[in-house]
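Descriptive structure summary
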2 protein chains.
Amino acid sequence: MAQSLVKTLCGVGALAPRLNNYYNNNINDKGQNMKRYGSVIGVRAEKLEEYKKLHAAVWPDVLKMIKECNIVNYSIYYHDGLLFSYFEYVGNDYDADMAKMAADPMTQKWWDVCKPCQRALESRGEGEWWAGAEEVFHTD
Amino acid sequence: MAQSLVKTLCGVGALAPRLNNYYNNNINDKGQNMKRYGSVIGVRAEKLEEYKKLHAAVWPDVLKMIKECNIVNYSIYYHDGLLFSYFEYVGNDYDADMAKMAADPMTQKWWDVCKPCQRALESRGEGEWWAGAEEVFHTD
């Protein structure tokens, strides 16, 4: 189950499945428990404009599901063939929230249009789509 | 002046000098005007551990200057030879704050030890050290 879940996590952003030490625990301004995630993936040159257009107007149901799954302050950046994502997770059960997102039909449809634009990196971990990055510095 | 300032911005993180459309304006939870910046740079394989150690214990004076220059929620991630940074700027004059940081002697010393660990990307913009990345998605 964990493996199949992990392999479906490929959509709007990082949603890195590994719960290891590349995030820090923290408390945000709202008093929520918060964990930061950074991830990276390639984007196909011929699909970059399509990817940008999709992300300039992400489907409302997809944004709603992101919120419901306790992901906030979520950004994706592009540079030179790569996409980098940063988000903050403010829920209490990351695995359960990611499973909920992966089971959402609209999110699945969204991933179906986004995934062909992306190019998963050889350097990603087993079962990852976006490669989870290691936090090496943080200051509030 | 702008060019020489830009060339000195090479330190603890992104501090991307270009004030162009790769950030969004926003208001954060504290009611501050806020702009997000994402940037990327290489790290030399033989210097990665040194870079991590430096950033696990950044000099207090450097952290203090980051705060004074209105940079908050600042993270750096590592994956596969690259460093990605994300921070939020909450001041009213980015250029002036970056000039203040670049003029700080302790920050200059910090950059002197960090810069040899880094490898600036060919794809960076003119005058950049960290390459400014383009924001392609954000949701609060």
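Residues numbered from 1 in each chain as written. Chains lettered and ligands numbered in written order. Predicted model: local features only at pLDDT ≥ 70, side-chain atom pairs only at ≥ 80, totals over all residues. Heavy atoms only, no water.

Thoughts on the overall build of chain A
- The number of helices and strands found in chain A is 5 helices and 7 strands.
- Sequence-ordered secondary structure for chain A, helices as α and strands as β, is α-β-β-α-α-β-β-α-α-β-β-β.
- Counting the 140 residues in chain A, one finds 59% classified as buried.
- The contacts in chain A between residues at least 6 apart in sequence include a share of 74% that link residues at least 24 apart.
- Carbon together with sulfur atoms contributes 50% to the accessible area of chain A, which is approximately 6,100 Å² in total. (Helix = DSSP H or I, 4+ residues; strand = E, 2+ residues; numbered from the N terminus. Buried < 20%, exposed > 50% of the residue type's maximum accessible area, 1.4 Å probe, protein only. Contact = heavy atoms within 4.5 Å. Areas by Shrake-Rupley, 256 points an atom, 1.4 Å probe, with all protein chains shown as cover.)

Some remarks on the interface of chain B and chain A
- Listed as interface residues are 43 residues of chain B and, on the opposing side, 43 residues of chain A.
- In this assembly, chain B packs against chain A so that about 3,400 Å² is buried in total across both faces, 59% of it on carbon and sulfur atoms.
- Remark: the boundary between chain B and chain A carries 2 salt bridges.
- In this structure, lysine 52 of chain B and glutamate 134 of chain A form a salt bridge, with 2.9 Å as the shortest nitrogen-oxygen distance. (Buried area = accessible area lost by both parts, 1.4 Å probe. Salt bridge = Lys/Arg side-chain N within 4 Å of Asp/Glu carboxyl O.)

Let's talk about the confidence of the model for chain A
Residues and elements named next belong to chain A.
- Taken as a whole, chain A shows an average pLDDT of 86; of its residues, 81% reach a score of 70 or greater.
- Low confidence marks residues 1–23, where pLDDT is under 50. Its contacts with residues over four positions away, or in another chain, come to 83 contacts.
- The ipTM, which scores confidence in the relative placement of chains, is 0.84 for this predicted complex, and the corresponding pTM is 0.84. (pLDDT = per-residue confidence, 0-100.)

Details of the side chain of histidine 79 of chain B
- Within the secondary structure, histidine 79 of chain B is located in strand β3 (residues 71–79).
- Look past the residues within four positions of histidine 79 of chain B in its chain and what remains in contact with it is Val40, Leu121, Ser123, Arg124, Ala131, Gly132 and Ala133 of chain A together with Phe84 of chain B.

Brief notes about the pairing of strand β4 (residues 82–89) of chain B
Residue and element names in this part refer to chain B.
- Extensive coverage of β4 is indicated by the burial of 8 of its 8 residues.
- Burial of β4 is two-sided: the residues Leu82, Phe84, Tyr86 and Glu88 facing one way and the residues Leu83, Ser85, Phe87 and Tyr89 facing the other way are all buried.
- Relative to β4, strand β2 (residues 33–43) runs antiparallel, the two sharing 8 bridges. Bridging across to β4, arginine 36 finds its partner in glutamate 88.
- As judged from the 7 bridges shared by β3 and β4, these two strands associate in the antiparallel manner. Along β4, the bridge assignment pairs tyrosine 77 with phenylalanine 84.
- Hairpin remark: β3 followed by β4, antiparallel, with 2 residues in the connecting loop; positive phi at aspartate 80, about 50°. (Pairing = 2+ DSSP bridges.)

A word on the relation of the copies chain B and chain A
- The transform that puts chain B on chain A rotates by 180° and translates by 0.0 Å along the axis, for an RMSD of 0.0 Å. What we have between these two chains is a two-fold relation.
- Here 100% of the contact residues of chain B are again contact residues in chain A; the copies associate through an equivalent surface. (Least-squares fit on C-alpha atoms with pLDDT ≥ 70 in both.)

A short note on the pattern of salt bridges
- This structure, assessed with the given rule, holds 12 salt bridges over all chains.
- In this structure, the salt-bridge partner of lysine 47 of chain B is glutamate 50 of chain B, at a minimum N-O distance of 3.5 Å.
- Classification of glutamate 50 of chain B by relative accessible area gives partly exposed; the value is 36%.
- For the salt bridge of lysine 100 of chain B with glutamate 68 of chain B, the shortest nitrogen-to-oxygen distance reads 3.7 Å. One end of the pair, lysine 100 of chain B, is in helix α4 (residues 94–103); the other, glutamate 68 of chain B, is in helix α3 (residues 60–68), and 32 residues separate them in sequence.
- You can call lysine 100 of chain B partly exposed: its relative accessible area is 38%.
- Salt bridges here are not isolated pairs; linked through shared partners, they connect Glu49 and Lys52 of chain A together with Glu134 of chain B.

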